[in-house]
Each structure stands twice: as C-alpha cells, then as structure tokens.
Amino acid sequence: DGGITQSPKYLFRKEGQNVTLSCEQNLNHDAMYWYRQDPGQGLRLIYYSQIVNDFQKGDIAEGYSVSREKKESFPLTVTSAQKNPTAFYLCASSRTPGHPYEQYFGPGTRLTVT
Amino acid sequence: SQQGEEDPQALSIQEGENATMNCSYKTSINNLQWYRQNSGRGLVHLILIRSNEREKHSGRLRVTLDTSKKSSSLLITASRAADTASYFCATAGGGGSEKLVFGKGTKLTVNP
C-alpha cells in the first residue's frame, strides 16, 4: 500500500523545546516538501528536497531545519527559534524534481506548543 | 508568497446543485492544479491542467483555464454531501519550477 505517513498525528510541546516531525514515503518519489497550514489559510512552503542530501529553503524556513539522508525520509525539526510553531504541518512528495507534477500528501501532524 | 486566490472564500449549496469555485493568479504558469482537503486531513490531488489546455474533465469535475485572464474555475456537478471540503488551487510556475504556490482555499458545504 503506497503512500506517505506522518507521525504523530498530534504533538504537544512546551515552549523552548525542539521537536521533530516524521515523514516517510514509499512511492519512490525523488522530491519531498514540508508545508505549514494555519487556520483559514493556504499552505506555505517551509523546505523542499529534490534529491537525497540536498534541500532548499521555502518561503518560511526561519526556525525550521530538515535533513534528507534517505530517499524515503524527510524529517522536519521545529526549533525553539520558531516564534509561532503551533500549526498543522503537511508533508508531500512528487516524482521527478524539476517538473511540476502533482503532489501526494500525508495526513498531517498538528503541533501545539504552550 | 501566495499566488492563487480562490473565490468565494465559502460556499454553501444543497445536494444535487452545482458548485463553482474560481482561482486567479498573477504570473505565468506551467500548470494549475486543484486539490481537496477534508477537515483536519491532508490534501488530495484532483486535477492538473496545463497552460496550453483550456478545459479538462474528470468524473463530475470540470476545470477551465483562461491564461489571458490568469484565472481558472472548478465546477463540481450534481454535488453530494461527501463533497463537503476545502478546495485549493495551486500554481506551478514556468521555467521548470517544481514548487507549487497554494491559494487560501474555498470552503464548500453541501447540505443534504
């Protein structure tokens, strides 16, 4: 059963703590993306990766970090430097970087920081 | 930066009616895509229309693209309660950009 998994579904953290969100895909896609969604808003791109060991900043990368050590995995760390980390985080993947194909999304992780 | 702007922001209709959502964008595009999001879930890709296409159909969905007006519309015919969701347009820029830029979405409610 091919797809993208994100874990956990809900995550709670105290202010000042770093937290890592997991994203795994078995679609054999080269490109992976992280988005943030706030209530009533569209998706904003945080980071994306076109190939293993390479990634680029999106529109709102400040306070976030990523790694891409394996093709299947693209974890996102929300650092304590992110001023408003509470949001819904979505991971996506697509085939063949450099071509704007459709993206496949995971179910999302809702992060609450208090 | 968000390029696509959907209109209306919210739409409420009765089951069986048609629903039309519009998307406007600012710069040239390679393609335009429509996605659906059920409450609290991930997005699901519905349809992709390339810049050299004017109309595309998929089941009860019909998408049009007018590049001269930089706008697209999504028509859902004979709507069902299960169509209740938010619908987003996303534009893929020219020049081989693999990034998508999403609008803020239209929240569709289909009343049984």
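None of these values were measured; they are calculated from a predicted model. Residue numbering note: each chain is counted from 1, following its sequence as written. Chains carry letters from A onward and ligands carry numbers from 1 onward, assigned in written order. Confidence filtering applies because this is a predicted model: local features only for residues at pLDDT of at least 70, side-chain atom pairs given and counted only at 80 or more, and all residues used for totals across whole chains, interfaces and linings. Only heavy atoms go into the side-chain values, all of them from the structure, while hydrogens and water stay out.

**Side note on the state of the cysteines**
Residue and element names in this part refer to chain A. Here, two cysteine sulfur atoms that lie within 2.5 Å of each other are counted as a disulfide. Throughout the structure, instances matching the rule amount to two disulfides over all chains. Here Cys-23 engages in a disulfide with Cys-91; their sulfurs sit 1.8 Å apart. Handedness here is read from the sign of the S-S torsion; for Cys-23 and Cys-91, about -70°, the answer is left-handed. Within this pair, whereas Cys-23 is found in strand β3 (residues 19-25), its partner Cys-91 is found in strand β9 (residues 87-94), the two being separated by 68 residues in sequence. A 1.4 Å probe rolled over the protein chains alone gives each residue an accessible area, and that area as a share of the maximum for its type sets the label: buried under 20%, exposed over 50%, partly exposed in between. Residue Cys-23 is classed as buried on the basis of its relative accessible area of 1%. Helix and strand assignments come from DSSP, with helices taken as H or I runs of at least 4 residues and strands as E runs of at least 2, each series counted from the N terminus.

**A look at the pattern of salt bridges**
Residues and elements named next belong to chain A. Should a side-chain nitrogen of Lys or Arg be within 4 Å of a carboxyl oxygen of Asp or Glu, the pair is scored as a salt bridge. If you walk through the whole model with that rule in mind, you get six salt bridges over all chains. In this structure, the salt-bridge partner of Asp-30 is Lys-71, at a minimum N-O distance of 3.5 Å. Here Asp-30, found in the loop between β3 and β4 (31-37), pairs with Lys-71, found in the loop between β7 (64-66) and β8 (76-78); they are 41 residues apart in sequence, far enough to count as distant. Asp-30 sits in the partly exposed class, given a relative accessible area of 28%. Exposure remark for Lys-71: the relative accessible area of 23% places this residue in the partly exposed category. When the shortest N-O distance is used, the salt bridge between Asp-38 and Arg-44 registers 2.8 Å.

**With respect to the layout of surface pockets**
Within this model, the largest pocket holds a volume of roughly 560 Å³. Taken together, 26 residues line the largest pocket, and the ones lying closest to its centre are Gln37(A), Gly40(A), Gln41(A), Gln37(B) and Ser86(B). Counting residues per element, the lining of the largest pocket draws most heavily on strand β11 (residues 106-111) of chain B, which supplies four residues. Cavity: a set of points on a 1 Å grid over the protein atoms alone where a 1.4 Å probe fits but cannot get out. Pocket: an open set with protein on both sides within 12 Å along at least five of seven lines, its lining residues, like those of a cavity, having an atom within 4 Å of a point. Grid points are joined across faces, edges and corners, and a volume is the space filled by probe spheres set on the points.

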